[in-house]
Amino acid sequence: MRFRVLGPTQVLLADGREIPVGGPRLRALLALLLLDAGRVVSAERLIDGLYGEHPPRGAANALQSLVSRLRQALPAAHTPVEFHPAGYRLAVDPADVDAYRFERLAEAGRRALAGGDWPRASAVLREALELWRGPALADVIDVAGVPAQAARLDELRRTATEDRIEADLALGGHAELVPELRQLVVAHPLRERPRGQLIRALSAQGRPAEALAEFEDARHTLAEQLGVDPSPALAAIHLAVLRGDERPAVFRGGDSSAVRPGGDNSAVRPTTEQALPSQLSTFVGREEELKRVRALLGERRLVTLTGPGGAGKTRLAIEAAGRADGEVCFVELAGLADGSDVPQAVLSGLGLRDAGLRAPAEPGRQSIDRLVESLAERRLLLVLDNCEHVIADAARLAARLLGACPALRVLATSREPLGLAGEALCQLSGLTLPPPDVSTEDADDYAAVSLFVQRAADVAPDFTVTPANVDVVLRICRTLDGLPLAIELAAVRLRALPVAEVAARLDDRLRLLSMGSRAASPRHRTLRAVVEWSWDLLDDAERRLARRLTVFAGGATLEAAGSVTGLASAEFVDALSGLADKSFVELSGGRYRMLETVRAFCAEHLSEAGEADQLRRAHTAYFLEFAWAASDHLRQAEQLHWLRRLDVERDNLHAALRRATAAGDAPDAAGLVAALTFYWWLRGMRGEAARLAADVLDLLGDEAPSGLNEEFALCVYNAALAGAGHLPSLGTQKSVIRSLDRSPRQPFLLYLSGISTGPPSGGADHVEELMRELWRLVGPDTWINALGAMGYGSALMWSGDYDRARSALATALDGFRSTGDRWGCMITLGALGELAAWQGDPETAGAHMDEAMGLVEELGSAVDQADMLRTRGEIRLRAGDLTGARDDFAGALLLAQRSGAPELVASARLGLAQVARLRGDLVEARRFCEEALVGGLTGWYVGEATRAEIILALDEINRAARAGAASPPGAPPSADGA
């Protein structure tokens, strides 16, 4: 198939026949997938594109419905729309999409144009432009996400047209181009490039009067509509026509600069007299920051680049100054021992002498007067580099000069602001880092990796990022926070060490990264020297707070930092403000965070001060209290807010747990496991939870210590649910409940005990008896009672008492809704959906599952999403929707594998086996069943039940194979789902 979006959206077969796609929304979905052909497009992006900022309720389900309709619209032999857990992918070759072909041809034409290959440029660009059949995405332009994409493509079309005209002008086609250019100028009167091309074409034909008239019209239009003059590029073309040059200056590519091919350009480009240090290496990353600095310099007269040592402030200042118009003076202040020397350093940078013959009564006074006299009428950009150790004197000088010299601008670099009125700040930190799932091919598109690769190639020329080393390179860049100097120092080590060894030794980074350029200033030769320079600028209170803040992992809120570090309130606020000003901590999103390199340095000082154990205990106590408070809120309407809060504090919570475990503090370690259990479940963190809980079990032993029965049980369940090895036995759910002497502080224990040990052997009646015992223990707790009703309803459902089951589940749903717990509602809706499907009511089952899936999306729980996808897959399987069922089971499998949920991995594979069996593929069905039997399915109830189902399914498949035929198409699978 071939796809067209450069005009109305079309799908064509190889023989040229068009396939009707459907209404605007369906065509818009196809267009959005085509614009990312071959790549996975997230459901969120598709929903945003289809519905805008305010999608309707149930937008995710509406999207799934649209995808199903699109699959049906396309030929069954192709079915290119693939489901992925992260979204959807249109599995087509981008070359079959006209927009991709156009962009590739336009880029090839642009390269040919830049290389002076005019005939090729003209031919390739014509081929690109012939793909257009009208405005881009013309029939879906009213859909929310389409106008921006259409505008981008239309702009590329205009640029390609101008490039093609440029090539044709170079080939001498002036006469033929004049009518086309006049049409373009009328259509786009503010685009200067076609204006310049028209002026040149008229001039080349011997029509200079008309060419000059075109320039006057352009000048009038720009002044009237925008209040601006023509650009220097267009003015240069006008000047060339006035001079009668045979080859007027032309736009280079499509930018705003103008040059005259082969000629002297001094008259058409402003000169810039610069005194900037020459750089021996390429400038990597910081493109966005460079744009911001240049924009600020155009608006403000004082701009300060702030950030920690090694962030690249000096290099960015040099690059920004190098692109500035007019004079530039660069003054390095790092070598000054006394702030009173700042004026003299600026005089020296300007090449001036202090004219005074007598020693000044006030240090620096006559030097400053001399500077004012020199700069009063001068248009100059003054770069003051490394101001932090002479910050007060640098600020005074900048204030005096800016007040007296109206044409002066100052660009300063410092680890803290100058603190002057009107100062614009540009904060620098690490370079951009790739996301965790970045591909090998895309990794060095990110600035931190690109810098590492370039600097590594300087010392190891054959070094590249490969599938074998990409994870190691990413670990280096992330561990070093993307800090440019640290990355460069790490790359230098590749001269002697393999990249894996460099990564392995970064725990001692301050020693490892101790070999920099001999030409660099001493404070930039090693990582330790960079941080030590900043440390020496702190006062005593700031140093005390800096070393104590290292106990936090992943940053801290103001309240947490104040509580744990233990400084007096006034001293704490002043010290924290000082650390933020001096780039020792960064404030982002209401959290204070240290770069890991700074944190490692300060942690050494924490140990030297003998405060490490005291701060560990304070940190653990704070986050244990926070975890219990959050756990209570997770069962209420504000659970999404508290989930986000727990996400933000996850590193701190896990650090506190590990430290308590390592220190042998059993009550705190077990308490943190208990408090975090429901959070771990909601976030699908089976694997990490199991490892943390298993470490605490090693500390607790084989039996619950006195007073820790609940905590001990939760440690066992967390370890067991991820398929851990031999663990202590807790007995039945009834014995677990009877071991409690109070209502459980973590009520989720009751759910885990149920899915781990299974319901009482006597069926629903015994469940009812167990619930009565539980209610006597906990009293009128709405959430626990709803959980009990849900368990009771499930037991009735499995025993075949559907009416009572539905009533109990409805009671559970009402209870969970009254507390606001989305998770409880979702699990109960899933059970109601299964019950409706078993009773042959697919419409009700679908409504329950739609609501449940909406709650899953709100919660963002990977384990529960896998469970709900598996449940919906069972329902679709019963309804005969094999394609939909297979998509659900495949999605459930991927999510369960990522979450470390072995029973869901197995049940998803069982579902895929059932789909394959019903399609007659017994070999595939057997393979899925055999794979499902591998893994941690033993030792707890749900796993054992899943194993039993798989064995039954495998026997059924083997019987069918022996009989020589698969089950009849459409035969319903067993109702006994996991």
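In this text the structure is predicted, and so the values were computed from the model without any measurement.

K.L.:
I'd like a description of the overall build of the chain, backed by residues and values.
P.N.:
Of regular secondary structure, the chain possesses 44 helices and 15 strands. Buried positions account for 52% of the 978 residues belonging to the chain.

K.L.:
Any chance you could break down the pattern of salt bridges for me, citing the residues and the numbers?
P.N.:
In total, this model carries 46 salt bridges according to the counting rule given. Salt-bridge contacts for Arg-191 lead to Glu-162; the nearest nitrogen and oxygen are separated by 2.7 Å. With Arg-191 in the loop between α7 (174–187) and α8 (192–204) and Glu-162 in helix α6 (residues 146–170), this pair connects stretches of sequence that are 29 residues apart. The partner of Glu-924 in a salt bridge is Arg-927, and the shortest N-O contact between them spans 2.8 Å. Separated by three residues within a single helix, Glu-924 and Arg-927 lie in helix α43 (residues 922–932), roughly one turn from each other. The partly exposed category is assigned to Arg-927, whose relative accessible area is 34%. One network of salt bridges, with partners in common, ties together Glu-107, Arg-110, Arg-111, Glu-155, Arg-158, Glu-162, Asp-163, Arg-191 and Arg-193.

K.L.:
Tell me about the sheet that holds strand β14 (residues 586–588), residues and numbers included.
P.N.:
The strand order across the open sheet formed by three strands is β13-β15-β14, and the pairing between neighbours is antiparallel. The open sheet has two edge strands, β13 (556–557) and β14, and neither has a second partner. Across two bridges, β13 lies against strand β15 (residues 591–593) in antiparallel orientation. Directly across from Thr-557, in β15, lies its bridge partner Arg-591.

K.L.:
Which residues make up the sheet that holds strand β10 (residues 380–385), and what values go with them?
P.N.:
Spatially, β9-β10-β11-β8-β12 is the arrangement adopted by the five strands of the open sheet, whose pairing is parallel. Two strands close off the open sheet at either side, each with one partner strand: β9 (327–332) and β12 (424–427). Pairs of neighbouring strands in the sheet enclose a mean axial angle of 15°, with direction left out of account. Looking at chain direction, strand β8 (residues 302–306) and β12 are connected through four bridges and run parallel. Among the inter-strand pairings, Thr-304 is bridged to a residue of β12, identified as Leu-425. Contacts between helix α13 (residues 342–349) and the sheet are confined to β9 and β10, with β9 contributing the most and set at about 135° to the helix. Across the sheet, helix α15 (residues 391–404) lies against β8, β10 and β11 (408–414), angled at about 165° from β11, the strand it touches most.

About the thresholds
Residues numbered from 1 in each chain as written. Predicted model: local features only at pLDDT ≥ 70, side-chain atom pairs only at ≥ 80, totals over all residues. Heavy atoms only, no water. Helix = DSSP H or I, 4+ residues; strand = E, 2+ residues; numbered from the N terminus. Buried < 20%, exposed > 50% of the residue type's maximum accessible area, 1.4 Å probe, protein only. Salt bridge = Lys/Arg side-chain N within 4 Å of Asp/Glu carboxyl O. Pairing = 2+ DSSP bridges. Axes fitted to C-alpha atoms, helices over the stretch in contact; angles between N-to-C directions. Contact = heavy atoms within 4.5 Å.

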